[in-house]
Amino acid sequence: MADALTFELDPAVGRELGDGVVRLWTDVSNAGGAVGFVPPVTPEDIRPEWVRHLVSMAEGKNRLLVGYDTEGRVAATAFFSYNTHRLMRHWVWLYTVMVAPRHQGKGYGRQLMRAVEDAARGFDGIDAIRLTCRDGTGADRFYASCGYKEVGRVPGMIRVAPGDDRDDITMLLTLG
Ligand SMILES: CC(C)(COP(=O)(O)OP(=O)(O)OC[C@H]1O[C@@H](n2cnc3c(N)ncnc32)[C@H](O)[C@@H]1OP(=O)(O)O)[C@@H](O)C(=O)NCCC(=O)NCCS
């Protein structure tokens, strides 16, 4: 059993957290993770995206769940996004789910998704967590092992590279 990560919802945002998230996002992207970028990337490529997230968090549209390893380093993240559509306010989007490459395969991803579920159960009026993932990465099997069900699939919506189009899979966890 791997050491447990320590999770924090809505962490205080400072230089250290920002550098940790940007480093994690860069490392995961360069290891081939499906988190919005195609390798190779540098922290400078990622930082503007982090800044956009900071703005959304400050506006209350997004929330960050961060996991720290036993050395106190940022080792995992998941972002929640609220819906603005008035008929869709009873569920949240989840995205940028990632575990540092050095820590993958140790059960931390499952810990992260449990912490995600616990956090969402504490959100006012939220009945479900919805996410999308890229076919061919195994992420759908990971989410399925955490209780999420495939509820939709749009063929070829993600162009990883010319000639490499992947299905966009939608998965859902209902919080009964
Ligand atoms: C996907 C990710 C979060 C999983 O984290 P992890 O710490 O490696 O996962 P765990 O060790 O907790 O594994 C949990 C279960 O999921 C399975 N699993 C994890 N990654 C998998 C993959 N890529 N393909 C298939 N199964 C996978 C594990 O085998 C394990 O199942 P088991 O308990 O039945 O053996 C991590 O690999 C990651 O950050 N990947 C890169 C980023 C990414 O692509 N995120 C998904 C965005 S949609």
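Residues numbered from 1 in each chain as written. Predicted model: local features only at pLDDT ≥ 70, side-chain atom pairs only at ≥ 80, totals over all residues. Heavy atoms only, no water.

Let us now look at the site of the ligand. Contacts to the ligand come from 22 residues, most closely from Val99, Gly105, Gly107, Gly109 and Arg110. Between Ala34 and the ligand, the recorded distance is 3.0 Å, taken from a backbone N or O atom to an oxygen atom. Measuring from a nitrogen atom of the ligand, one finds a backbone N or O atom of Thr137 at 3.2 Å. Protein contact buries 71% of the 910 Å² of open area that the ligand shows by itself. Mapping the ligand onto the cavity grids shows that it belongs to the largest pocket. Where the shell around the ligand is concerned, the elements lending two or more residues are β4 (91–99), α3 (108–121), β5 (128–134) and α4 (139–145). For the shell around the ligand, the element with the highest residue contribution is α4, accounting for 4 residues. Its residues placed into classes, the shell around the ligand shows 10 nonpolar, 9 polar and 3 charged. (Near = heavy atom within 4 Å. Polar contact = N/O pair within 3.5 Å; in protein donor to acceptor, adjacent residues only side chain to side chain. Areas by Shrake-Rupley, 256 points an atom, 1.4 Å probe, with all protein chains shown as cover. 1 Å grid on protein atoms, 1.4 Å probe; cavity = no way out; pocket = protein on both sides within 12 Å on 5 of 7 lines; lining within 4 Å. Sits in = over half its atoms within 2 Å of the grid points. Helix = DSSP H or I, 4+ residues; strand = E, 2+ residues; numbered from the N terminus. Nonpolar A, V, L, I, M, F, W, Y, C, P; charged D, E, K, R; others polar.)

Attention now moves to the sheet that holds strand β7 (residues 164–174). In space, the 7 strands of this open sheet follow the order β1-β2-β3-β4-β5-β7-β6, with mixed pairing throughout. If you trace the sheet from one side to the other, it starts and ends with β1 (6–9) and β6 (149–161), each paired once. Here the strands of the sheet are splayed against their neighbours by 25° on average, with no regard to which way each runs. As paired strands, β6 and β7 are joined by 8 bridges and run antiparallel to one another. Bridge pairing in β7 places Val154 opposite Asp168. Relative to strand β3 (residues 74–82), helix α1 (residues 15–30) is tilted by about 95°, and along the sheet it contacts β2 (62–68), β3 and β4. (Pairing = 2+ DSSP bridges. Axes fitted to C-alpha atoms, helices over the stretch in contact; angles between N-to-C directions. Contact = heavy atoms within 4.5 Å.)

This part takes up α1. In this model α1 runs 22 Å from its N-terminal to its C-terminal C-alpha over 16 residues, within 8% of the 22 Å that 1.5 Å per residue would give. Buried residues of α1: Leu17, Gly18, Gly20, Val21, Val22, Leu24, Trp25, Thr26, Val28 and Ser29, and no others. Summarising the contacts, the buried residues of α1 are in contact with α2 (43–58), β2, β3 and β4. Once α1 ends, the next one or two residues include Gly32, with phi positive near 95°. (Expected span 1.5 Å × (residues − 1). Buried < 20%, exposed > 50% of the residue type's maximum accessible area, 1.4 Å probe, protein only.)

Another aspect to go through is the environment of Ala100. Structurally, the position occupied by Ala100 is in the loop between β4 and α3. Discounting chain neighbours no more than four positions away, the residues touching Ala100 are Leu24, Val28 and Ala75.

Before going further, it helps to spend a moment on the pattern of salt bridges. Per the stated rule, a full pass over the model turns up 15 salt bridges. Between Arg23 and Asp27 there is a salt bridge, with the nearest N and O atoms lying 3.2 Å from each other. Placement of the pair is Arg23 and Asp27 together in helix α1, with a separation of 4 residues, close to one helical turn. Residue Arg23 is classed as partly exposed on the basis of its relative accessible area of 41%. On the accessibility criterion, Asp27 (27% relative accessible area) is partly exposed. Here the salt bridges share partners, and the residues they tie into one network are Asp69, Glu71, Arg73 and Arg102. (Salt bridge = Lys/Arg side-chain N within 4 Å of Asp/Glu carboxyl O.)

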